[in-house]
Amino acid sequence: MAESEEESSCLQQVYVEKQELDDSEDVLDLDSIDVRYEIDDREFDLPEVSVPQSLESILNEPDDLPEIEEDPLFLEQAETASVTSDAVSFANNGATSGRSTPSRQVRKDSIQYPLHGSVLRHVVLRGISSQIVSAAERVNAGLPSAMAVSAVVAIGSTHGVVLIFDPKQTLKLCLSNGQTREQYGAVSALALNNDCTRLLVGHARGQITMWDLTTGKLLRTITDAHQPGSAILHIQFTDDPTLAIFSDSGGSVFELNFRRLMGVRGSDSTCIFSGSRGEVCSILVLHAGPLQDHPLDDLSIMALATMSKVIVITIRPKLRVLFHHPLRGNSNTLPLLAWHYVFVQQQTGRTLEPVLAFARSSTIYFCQLVCKSPDNVQFVLLQKLTVPYVLIHMMWINAKTLITVDSLERMHLVDVRHDEELQVLDVGDVKLVYGSSHFKSLATGGNVSPAMALAGENACYQSVALFRGQVLLLGTKSLHVFTIRTWFERINYLARQEHYVEALALALSFYEGSARAVIGLDSNVEKRKGLIASKLLRVLYEFVEASATKNVPTRGAIHLLVEHYESVMPVCIESCISIDRTDVLFGDVYDRFSQDFVAKALFLESLEPYILDDKLRHIAPAVMQELVENYEERKEIDDLERLIVHLDIMSMNIDHIVKLCWKHSLYDGIIYIFNQSMNDYISPLEELLNILMDSILNKKDLTDKVVKLANKVLVYVSCCLAGRAYPVGDISESIMLQVKTSVLKALTVLHTKQPAEEEPVYPYLRTLLHYSTREFLNALALAFEEPEFESEVGRQQKQRIVDILLQIMVDNMEFSPTQVGALFTFLARQMAKAANTIYVSRMLFEQVLEYLSNPNDSSRHEEREQALIELLHAAGLQQFDEERLLALAERAEFYRVCELLYDKQHQYDKVLSCYLRDTSRQVQAFRFIEIVMSNPARKAAEKKAFRRKVLESIELLVAIDQQQTAELLACVFPDSMHEVTTRLAHEPRLLYAFLTGLIDYKESQAIGIKKKEGIVIGSDVYEQYIDLMCEFDPANVCTYVKSTDAYRLENTLEICKKHQVMDAMAHLLEKSGQVHDAFVILLQNLQDKVGDLCSVLLAGHESHTVDVSASWSALQVALCVVVQFCQRVSGKLEEAERQGLWFPILETMMHPQRKLDHKVAPQHLDSFKELTRHVLNSMMGYISVAAILKCIMEDPAYSTGKLSDIKELVLGMLEMYNYESTLLHSMKNLLNQDLHAQLARLQQTANRGYAAKSDACDLCHKPLAHIVDADNIVLFRCAHSYHMPCLQSMGSFVRLGSEEAWKCWHCSTKISRPLSSAKGRIRSPSSQLADTVSAPAKNVPDAQQVQALEQLRRMQKTVSRLAILNELAHPESRPRFRQHAADNSSILQQDGFQLRLAPPPPPTEP
């Protein structure tokens, strides 16, 4: 019974009368929209056109148009929540012969996010569902195929029958003319007009019928509205009852006009555009909004979508394109469209503007239509969403929320503004009806494009409908309704399932305004919050009762009970605090939990974080008493103190709390209670200072308790003098001045209220100064910054405090020199201020200055120097002698002070000395040097002295930063190079560092990193640098000499010989052409490495793996170097000379094998053989195989062994030989084919015939056959033709050697214009030479034909394979191939060019 009532209620809700939009709709501020985002040519980066684009021109554009770039002001990108679930289910396809359903994949279950609860309500309309099944089974009406919803529900079937139901699920009409099934086929589309009096029915065989729903009569049967043989996919009424729009499976869109003349009903259709230009898959008419007198009322607008575009057009008053946007997606997905009206705030008031959502695949776009007048319609792209699933349907459910259906038949509720998924429902059990058979046009033979057939697999346009916030899904045997629950229903739904925590969290989100998809709340904030708070409290009472009774663990350990209440208490406290109902929290909730001692204790403990966060300031006095006792019992006194200072004083029993605080030394609590309850800031200060004074002035040991108290007093004093409350908050402005004055007065009292006989004067000041002089003076410095001390009274008070401090501390043995120094520093800072009014005697000031510049005091060096600098800047030292001040600063090593004084005297050389002596600022010296030397205001004498100082300090500058020193020398002192190198000559390492920086700077200039004026470095400097590198960094000498040519070869070679840098010597010898000497050095190095390795192996050091590995690595490197050397030079040598290079290497690698045979491990011999094989493979390209084999066979290491010992070696050589032979043969064939193909193309081009453009001469314009001698006709390759006499009269010929050749008169006189083209090839000017057509033809080409062939050969010349091989063989020459002058770079420099010539690996024996 309850279920039936719910269905009836739901259906009544579906068919309620249409109401105006609620004031709580989305409001957009139109003023914030930039007019630059009009939908015009500039936004789409399209060229300006004089004639507006038509639909056909848009559809003929390529599909890969660039998308509109969204305005970032309107984008709020966020990741959609990913759908995950462990449970999976499979859908029952329920396929029938009249329709096809997509193959369902494994789908995931519904998802309900705890933050939002159950938002959607699902109801099955059983009355309609049962009658659908009954009609199919009893009268063979067929299965459902399409649906339309308005004031009635119209459901079409696969047999062409339409069933009409009223809101009470009563079948009112069954529309069928008896011939529908056979002639018309299934119902493929339905449309209801605005007043539900007319129904348009589109059929699978292309017919359209109109029915009168008041009488059930058939009014029209339209069979010729479109091309026969295609199904009706969409049909829709416009706001004009005489105009409808429909589209068919051919992708065409038509407008259908109805007329009635003399009682006779008729219709005519007009094709808006043809599907041959681009198949339209979806259309959607924009209906008028609920507001009257809107500018859109005069327009009839429709959106349509193809596979690649979305287009918005006006149908009335004229066809016009308003907007188009590219649309991309998978080929098996269809485009989706959805219109919705939202409120827009304008200067004149609120108005409704439509928003179009269009999507395909997984991307959704939102575009707003802004209509200022019927002739001024603009589109603004608002947002773009990307979802992690494939869309098959989409619709608005309200202004903020979108419903989507994915390919796994899951319904997603999405908050558009925040791009947040609210809920996922699995609707697979609905067995959704798909219209794929209509998109494939199976009823008419399947005459559709493959793209339309593929995309239509998931078509469900006609089985999902929206009506007044209700989503209806048509299944094969049922009709389902999905609605958004009201806020009240969402909370009740969770409460009925006893999900109280989620229900309370959802209610709080409604209360705070952060909930999504909210329905049913009042627009008035106060009423809304009151209503939600009332509902929240009812749920809270249920939660508290359930938590204290049936949900309480009855068995198990005590920790289970504790965990239960620890999860309950924060929820209750948070709920009551959020709605400001602490009376309920400390009333009914606390009373219920206090019945259990465990729950009571956990309730009190759970209050702590809310108190510390200042969310809970007031507690009921009874609960406060319980809270204090609870913390006392647990002996957590410190935690109690932290709570006290955050609570309202009216919640406390002050007498009890004060006694508790004094008992447990809770000083923060004492100060807080006195300050807040009585506005008394002096009594706690005096009481605490008396306690502190007893320990400090009597020189007792400072315990942790006393230190803690002293720190609190200092902070309290600092807060009071700065106008801040202690420990948190601010002092009221009405008493702030009084508090500051009273605190200072209390601190500077001459004696306490009950002084002892031996009590010194100013005991409180003495106490604080003795404890921490610096911290107390810092507090005073902060207090002096307050505006109260800027008045006359304030300045007098400040002077009084300074006098008292001087009286207490100066010439007093109680205070240490450090403490007195802190006072002097304090005074210096105060006097350095611009508005200084403090007076200090000259003698005392001398003491201050002497203290600040005391060289024996290393403490607080930076602080003392900064104080002195501030005095200088404030002109506080004008009365002192600068020379004396400079001497004091020099003695104290106050380099910044010295810098200021020297700069004032223009002694820049001494300023530089200060920079260099100050280790923390040495790097800044380079910038200072550059500034001084580049300043034109500096005198020549000053610059000269400064330059001399720089050069004298060159050693230190190089030690600081060699790179900056070199750059400085190059830019500022370029003429001092010789002097600098001379000064650094006695320090070779510094000279090497300087030259390194100088050369690095020079190289950075060469590659464009440094843009300053270049510096010229002579070859002698480079040679000096190489000499020093050989001494300090010999390993990098060879690399450096390879990278530059700035040195003299002979001198550098002598330097390398002097230092015995062998690898660099070898390179230089090779570079100078002394190949044999270079080889001797490299071979000797190789032999040394072989000898070292043999010594290690024979010494029995195999256990020392590191030594053996290092020796092997060194040998491999040396071998690679000498092999590469031989490969480089072998191409320039004769056979005998090449053998003189390669065979010693081979002998060097084979000799150890004889020496170490049977003396070392076999794996070492195998390693030697592997290296020998590498040498053999490398030398085979330069030494004949016979010579190599002879050398091997004569070596005892191989000749005395078995065939198996040399089998792999010989096989490898033979395979390499075969590989190179095959490569050579292939290259020869390729070159022959290349040459043959080029000659064949040239012959084909030369033998091609030519045709004239016309039959008349291009000069006299008379027929070519006009003259008697018709053989005297000249025809050019440019297709111009002339009479020979005409061409002779114009003098159009050129001389080629001893012969004359004709040239085209038209082409030669227009040579400045672009050359004529034929069949896409650009003709060169020489191609205008002509062939004279005369009979008989000769087989031998004449001079003109030879020249034409030569020109064709040059034009069609390509890069030959021989040229590529030549570039590979001589990479250093770097040739530049040209092909029609298009590219001047070598193909070998291209990233994609790869040529692998390595031989295949030798076969391994099994």
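The structure displayed is predicted, hence computed values, not measured ones. (Residues numbered from 1 in each chain as written. Predicted model: local features only at pLDDT ≥ 70, side-chain atom pairs only at ≥ 80, totals over all residues. Heavy atoms only, no water.)

Caption draft 1: Highlighting the overall build of the protein. Helix and strand counts for the protein stand at 51 helices and 39 strands. Going through the 1406 residues of the protein one by one, you find that 48% of them count as buried. If you take every contact in the protein between residues at least 6 apart in sequence, the share linking residues at least 24 apart comes to 60%. Carbon and sulfur atoms make up 52% of the accessible area of the protein, which amounts to about 69600 Å² in all. (Helix = DSSP H or I, 4+ residues; strand = E, 2+ residues; numbered from the N terminus. Buried < 20%, exposed > 50% of the residue type's maximum accessible area, 1.4 Å probe, protein only. Contact = heavy atoms within 4.5 Å. Areas by Shrake-Rupley, 256 points an atom, 1.4 Å probe, with all protein chains shown as cover.)

Caption draft 2: Examining the pairing of strand β32 (residues 479-484) more closely. The buried fraction of β32 is high, at 6 of 6 residues. Where strand β31 (residues 470-474) meets β32, 5 bridges bridge the pair, whose relative direction is antiparallel. Bridge pairing in β32 places L473 opposite H480. Taking the residues between adjacent antiparallel strands as the criterion, β31 and β32 are bridged by 4 residues. (Pairing = 2+ DSSP bridges.)

Caption draft 3: Representation of the nonpolar core in the model. Counting residues in hydrophobic clusters, the biggest one holds 249 residues, and the most contacted among them are F593, F603, F994, L1086 and I1145. If you tally residues by element for this core, the top one is helix α41 (residues 1075-1098), at 12 residues. The residues contacting I1145, other than those within four sequence positions of it, are F1079, L1083, L1086, L1119, V1122, C1126 and V1175. Formed by 30 residues, the second largest nonpolar core is a distinct cluster that contains M307, L385, M394 and V416. (Core = buried A, V, L, I, M, F, W, Y, C linked by side-chain atoms within 4.5 Å.)

Caption draft 4: Geometry of the sheet that holds strand β7 (residues 153-157). Strand order in the open sheet made by the 4 strands is β6-β7-β8-β9, with antiparallel pairing throughout. A single partner strand is all that each edge strand has here, and the edge strands are β6 (144-149) and β9 (171-175). Across the sheet, the mean angle separating the axes of adjacent strands is 20° when strand polarity is ignored. Of the pairings in the sheet, the one linking strand β8 (residues 162-165) to β9 comprises 4 bridges and is antiparallel in character. (Axes fitted to C-alpha atoms, helices over the stretch in contact; angles between N-to-C directions.)

Caption draft 5: Seen up close, the sheet that holds strand β4 (residues 111-112). One open sheet accounts for 5 strands, arranged β4-β29-β28-β27-β26; its pairing is antiparallel. Two strands in the sheet have a free side with no partner beyond their single neighbour: β4 and β26 (391-396). Here strand β28 (residues 410-415) pairs with strand β29 (residues 420-426) via 6 bridges, running antiparallel. Across the sheet, the residue bridging to M411 is L425, located in β29.

Caption draft 6: Representation of empty space enclosed by the protein. Tallying each qualifying case throughout the model produces 7 cavities of 30 Å³ or more. The volume enclosed by the largest cavity comes to roughly 90 Å³. Around the largest cavity sit 15 residues that line it, and S188, G435, H438, Y461 and Q462 are the ones nearest its centre. Contributions of two or more residues to the lining of the largest cavity are made by β14 (232-237) and α6 (436-439). (1 Å grid on protein atoms, 1.4 Å probe; cavity = no way out; pocket = protein on both sides within 12 Å on 5 of 7 lines; lining within 4 Å. Points joined across faces, edges and corners; volume = space filled by probe spheres on them.)

Caption draft 7: Fine view of the environment of A966. Here A966 shows up in helix α34 (residues 962-971). Apart from residues lying up to four places away in sequence, A966 is in contact with F994, G997 and L998.

Caption draft 8: Looking closely at helix α4 (residues 126-138). For α4, spanning 13 residues, the distance from its first C-alpha to its last is 18 Å, which sits close to the expected 18 Å at 1.5 Å a residue. Of all the residues in α4, the buried ones are I128, S129, I132 and A135. All buried residues of α4 fall inside an arc of 130° around its axis, so they share one side. Turned more than 90 degrees away from the buried face of α4, the exposed residues are E137 and R138. Against the buried residues of α4 lie β5 (120-124), β6, β7, β8, β31 and β32. N140 lies just past α4 and shows a positive phi near 55°. (Expected span 1.5 Å × (residues − 1). Arc of directions from axis to C-beta.)

Caption draft 9: A look at the pattern of salt bridges. A full pass over the atoms with the stated rule returns 33 salt bridges. One salt bridge in this structure joins E545 and R592, with 3.1 Å as the shortest N-O distance. With E545 in helix α10 (residues 525-548) and R592 in helix α12 (residues 582-593), this residue pair connects regions lying 47 residues apart in the sequence. Exposure remark for E545: the relative accessible area of 37% places this residue in the partly exposed category. A salt bridge links R1128 to E1070, with the shortest nitrogen-to-oxygen separation between them at 2.8 Å. Of this pair, R1128 sits in helix α42 (residues 1105-1130) while E1070 sits in helix α40 (residues 1062-1071), and the two are 58 residues apart along the sequence. (Salt bridge = Lys/Arg side-chain N within 4 Å of Asp/Glu carboxyl O.)

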